[in-house]
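# Observations on the three-dimensional arrangement
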Amino acid sequence: MARTDLVHRVLATRSSDPILHHIAPLGLAASAGRCLVLDLDGGAPGYSERTLADLVSEGPTAADLAGGAGVAVLGNGGISFEEAAPVVDRLVAAWGRVVIRDGGDPHPFRVLSVEPMLPTPFTPRQVDIAQAVAYGQSSAGRATLPPLRRHQIRSLLAGEIEPRWRWTRAWGAAWSLPWE
């Protein structure tokens, strides 16, 4: 997927909602086509058996750096960004586009807050991307994702990512928006 309007190569996501915290990086990555998801949240449920900590201790392989088509994920493995920074830099250079699941450790990448659209006062004020929870919802001035169906949530939690879903395609704008 060639994009001429690409502004960001690396974006991070975070959410106070545990389900969105887990699936938002997958949706953002799937919208990019070929993309790597790096988990920098050691306290959240993991994504994969192969971890960023493995790459730091063993060094990345040629396959890790070459990647493939679609979305690849690396779990955390109990490592901080500071410890993983040299490997993260190599992965970003190799993959081109990377999504990070933010765990709160300081890092230099833009973090997008993703929150469900709940009635006031339950939705936080600082939201970059609003996740609609019912059809017909919109959020003035914010990027809004369409609602997810139950089977889509179950699929994402199982690691099955479908780039053709409307929800996944809606993430595509995040790569070209001038996030400050």
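Up top is the structure.
Source: prediction; values computed, not measured.

The N-to-C vectors of helix α1 (residues 18-32) and helix α5 (residues 150-157) enclose an angle of 75°; their axes lie 10 Å apart at closest approach. As the angle between them shows, α1 and α5 are arranged roughly perpendicular. Residue-level contacts link Ile-19, His-22, Ile-23 and Leu-26 of α1 to Ile-153, Leu-156 and Leu-157 of α5. Residue composition of the contact of α1 with α5, grouped by class: 6 nonpolar, 1 polar and no charged.

Within the element layout of this structure, Cys-35 appears in strand β2 (residues 35-39). When the C-alpha atoms of Cys-35 and His-151 are compared, they prove to be 23 Å apart, with 116 residues separating the residues in sequence. Discounting residues that sit within four places of it in the chain, Cys-35 has contacts with Ala-29, Gly-70, Val-71, Ala-72, Trp-95, Arg-97, Val-98, Val-99 and Trp-175.

Given 3.6 residues per helical turn, the α-helix brings residues three or four places apart onto the same face. Helix length check: helix α4 (residues 81-95), at 15 residues, gives a terminal C-alpha distance of 18 Å against a target of 21 Å (1.5 Å per residue), a shortfall beyond 12%. Roughly 40° is the biggest bend found in α4, and it falls at Val-87. Burial in α4 covers these residues: Phe-81, Ala-84, Ala-85, Val-87, Val-88, Leu-91, Val-92 and Trp-95. Just downstream of α4 lies Gly-96, where phi reads positive at about 90°.

To continue, consider the environment of Leu-74. Tracing the chain through its elements places Leu-74 in strand β3 (residues 71-74). Overall, Leu-74 belongs to the buried group, its relative accessible area being 6%. Separated by 53 residues in sequence, Leu-74 and His-21 place their C-alpha atoms 15 Å apart. Those residues in contact with Leu-74 that sit more than four places away from it in its chain are Leu-36, Val-37, Leu-38, Asp-39, Ser-48, Arg-50, Thr-51, Leu-52, Leu-55 and Leu-91.

Counted by the stated rule, this structure contains 6 salt bridges. A salt bridge links Arg-14 to Asp-102; the nearest nitrogen and oxygen atoms lie 2.9 Å apart. With a gap of 88 residues between them, Arg-14 in strand β1 (residues 10-14) and Asp-102 in the loop between β4 (98-101) and β5 (110-116) connect regions that are remote in the sequence. A residue is classified by how much of its surface remains accessible, and Arg-14, at 40% relative accessible area, is partly exposed. Assessed through its relative accessible area of 4%, Asp-102 is described here as buried. In this structure, the salt-bridge partner of Arg-164 is Glu-162, at a minimum N-O distance of 2.8 Å. Judged by relative accessible area, Glu-162 falls into the partly exposed class, the value being 22%. Through salt bridges that share partners, Arg-50, Glu-58 and Asp-64 make up one connected network.

Analysis parameters
Residues numbered from 1 in each chain as written. Predicted model: local features only at pLDDT ≥ 70, side-chain atom pairs only at ≥ 80, totals over all residues. Heavy atoms only, no water. Axes fitted to C-alpha atoms, helices over the stretch in contact; angles between N-to-C directions. Helix = DSSP H or I, 4+ residues; strand = E, 2+ residues; numbered from the N terminus. Parallel < 35°, antiparallel > 145°, perpendicular 65-115°, else oblique. Contact = heavy atoms within 4.5 Å. Nonpolar A, V, L, I, M, F, W, Y, C, P; charged D, E, K, R; others polar. Expected span 1.5 Å × (residues − 1). Bend = angle between axes of the 7 residues up to and from the residue. Buried < 20%, exposed > 50% of the residue type's maximum accessible area, 1.4 Å probe, protein only. Salt bridge = Lys/Arg side-chain N within 4 Å of Asp/Glu carboxyl O.

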